[in-house]
Structure formats: C-alpha cells, structure tokens
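Coordinates in review
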Amino acid sequence: MPLRQNAHRMIAVVLSAFFSLASGLWSRDLRIVSELQTPDRDFFGAISFVSSGNDKWICEIDRICRVEVTPFNTRAGGDYWNPSATYTLFMFRPDTGSYDCVSTHDIETTGDYRTAFKIEQDVNGWRINGPGGKTLFAEILMGLPRISPATPIRLYSTSEKTPIEVLNTLETFPQTGHIQIDAAADYQNLEWPCGTWRYLDRVTPKNHRSVLGGRYTLAVVGDDDSDDLLIVYVDGAENADTIWKTGDVKGRLKPTVFEGHYDLIWYDSSKNEVGMGECSATFEGYDILRLDFPLLESQIRLRREPGINFQNY
C-alpha cells in the first residue's frame, strides 16, 4: 500500500510539473497585441485576422472572462478543407484567482482563413459574436452585470502575423434616426413606392467582402422634412440584432433625375454608413426594390408586401 501511495504521489508531482512547465512555455509564447479600456457608454469592438492554423488568440476582459480562439481546418469532403475555429470561454473565479473553462463553440470561418469576433455591450447586456454575427456564450454572458467603465481589455497572440483589424478601439453605436411606427396604420393603402418590403434574395461576393446582416423586413415611408424616402427597420436583423429596434432608420432614398432610381444611403449592421456615396436603389416594376453596393460587389432585392399591418411587430 505505501508503495502504491508513493507511486501515485510521484505521478501527481510529475503531472503537476509537466503542466506548470507547459503553462510557462505557453505564457512565454504569448505576445500582447493590443490593450484598451472600456468607455462609459454602450460600445462595440472587433478583431479580424488571418491564421496559419496553429495560432492562438486570447482576448481577456480583466477579472471577468477570457476568450481563446484557435483556428483549424477540417476535411469537408474530397480534397476540400473547411476552415473553422474553436471559441472557448473561460470565466474568472475570484475565490481561486484563476480562469475556468465553461463553454466551447466550433464555427466556420471564411475561405481565406480569416477569423473574427466582436465584443459589444448595449442596454440588453454584453455578448461576444463570432464570424457572421453568430452570438456566442449568450446564455452565460447575458446574465452578468454590465462591464464597468475603464475595465482593461487585452489581446494576446502566439502568431507572428499582424491582425488585419486589431481591437484597438471601442466605438459607441452611431444613431441613424428613429421614427415611431403607427401600430394602427395599414401600410397596404400607402401610395407606391411606400409600404412594406421584405427580403427576397441577394448577390454577395465569394471573398466574403460583405455579409448580409439579416433577412430584413423594411418599411419605405416619406420624410416630412425633405423629398427623400426613408427605409425603416421593422424586423429580421441577424447580425447584431440587439442594436436594431423597430422604427430605426436603416437607409434613405434620395431622388435623381431618373424615374424609379435613387441614390442610396445605407447603414450596416453596426449602424455605420457604407458605400461612400456609390450606393443606389432601383424599383424594378411595382414589386421589386433592388439595392446595389458596387464597391462591395453586392446586391440585395426586396419584394413589396401589401397588406402587412405593423401592429404585428
């Protein structure tokens, strides 16, 4: 019996030494890429990087949590490799002063091995989104208190590469404008082209330069202060869906000399204006509205939906 106990102790000592050594080597391999502090208002920040498949990235919100991102490739069939990444959440435990693993997600990345995630906080709480706006760890993070102002956020990496977009700023959400949608109004009686328009289809580039923020239901209404038409968000946001509320202005149609053709001001899923003045909108007959984003090589089409009453939203 003593021999067996001694053997067990010896194994424990060896394993402890091994993991301590591995932890030390891991710590020495890490380099800090970025460090910043949270603002005193709702915010969002994002990082995007290309990985060799062996790199690891860690985003640490001081004394709250740590997210480790490990990209890898999986065979999807034939000779095609499907780039993916494992997102692992570690929560800080004040009683032990360490981080414990609580959740892991494997999700696809883009074809150029780009991996990304976004941190954001609004009135509903805070969350971490992966590529394509997929909300990660919502069941864990949404129940926590809001992140306090001046909380450090640090980004570490084992990669020698520089990230494409470093998490070096936390921005507050822009305001696009908001109108009160009359719940009693029946928009089927509005004069064309005003009314309800719903997502039909899209054209987006294979290089993932742009990603559709959702399958939107939108309202087109007149602007009381100009000849413009307002595109108003009703429903359907998938990427950063907590940012958009029914009645928020999603875009603006500015008349041109060509009938049925408008210059387009459009706000993306983070409420930033896109297109740099190159976007346009065209009504194809009575039932189709086409939104063109030439610099993004993208197009969205909407179909008119007569008879939808906004009291359903």
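Figured I'd write up the structure that's included with this text. All values derive from a computational prediction rather than experimental measurement.

Grouped together as the largest cluster of nonpolar side chains are 28 residues, with contacts concentrated most on Leu253, Leu264, Trp266, Leu289, Leu291, Phe293 and Leu302. Breaking this core down by element, the ones donating at least two residues are strand 11 (195-203), strand 12 (214-222), strand 13 (229-237), strand 14 (249-255), strand 15 (261-267), strand 17 (280-284), strand 18 (288-293) and strand 19 (298-304). Residues contacting Leu302, with those up to four places away along its chain left out, are Trp197, Arg198, Tyr199, Leu200, Tyr216, Leu218, Asp287, Ile288, Leu289 and Leu291.

Here we take up the packing of aromatic side chains. Any aromatic ring pair is given by two values, namely how distant the centres are and how the planes are angled relative to each other. Applying the stated criterion across every chain, the model contains 7 aromatic pairs. Taken together, a centroid distance of 6.2 Å and an interplanar angle of 85 degrees make the contact between Tyr216 and Tyr233 edge-to-face. Placement of the pair is Tyr216 in strand 12 and Tyr233 in strand 13, with a sequence separation of 17 residues. A residue is classified by how much of its surface remains accessible, and Tyr216, at 4% relative accessible area, is buried. Tyr233 sits in the buried class, given a relative accessible area of 5%. Considering the side-chain rings of Tyr233 and Trp244, the 5.8 Å spacing of their centres and the 50 degrees angle between planes classify their relative orientation as tilted.

Attention now goes to the pattern of salt bridges. Oppositely charged side chains are able to pair whenever their charged atoms sit close together. Overall, the coordinates contain 15 salt bridges when judged by the stated rule. Of the charged contacts, one joins Arg290 and Glu284 as a salt bridge, the two residues approaching to 2.5 Å between their closest N and O atoms. Of the residues examined, Glu284 reaches a relative accessible area of 30% and is grouped as partly exposed. Taken together, the salt bridges that share partners define one network made up of Glu35, Glu60, Asp62, Arg66 and Arg154.

This part takes up the side chain of Asp228. Along the polypeptide, Asp228 turns up in the loop between strand 12 and strand 13. Judged by relative accessible area, which is 9%, Asp228 ranks as buried. Side-chain polar atoms of Asp228 contact the side chain of Arg252, separated by 3.1 Å. Of note is the side chain of Asp228, whose polar atom sits 2.9 Å from the side chain of Lys254. Beyond its immediate stretch of four places on either side in the chain, Asp228 contacts Gly222, Asp223, Arg252, Leu253, Lys254 and Pro255.

What counts, and at which threshold
- Residues numbered from 1 in each chain as written.
- Predicted model: local features only at pLDDT ≥ 70, side-chain atom pairs only at ≥ 80, totals over all residues.
- Heavy atoms only, no water.
- Core = buried A, V, L, I, M, F, W, Y, C linked by side-chain atoms within 4.5 Å.
- Buried < 20%, exposed > 50% of the residue type's maximum accessible area, 1.4 Å probe, protein only.
- Helix = DSSP H or I, 4+ residues; strand = E, 2+ residues; numbered from the N terminus.
- Contact = heavy atoms within 4.5 Å.
- Phe/Tyr/Trp six-rings, centres within 6.5 Å; stacked < 30°, edge-to-face > 60°.
- Salt bridge = Lys/Arg side-chain N within 4 Å of Asp/Glu carboxyl O.
- Polar contact = N/O pair within 3.5 Å; in protein donor to acceptor, adjacent residues only side chain to side chain.

Everything listed here is a matter of coordinates, which is why it stays silent on function.
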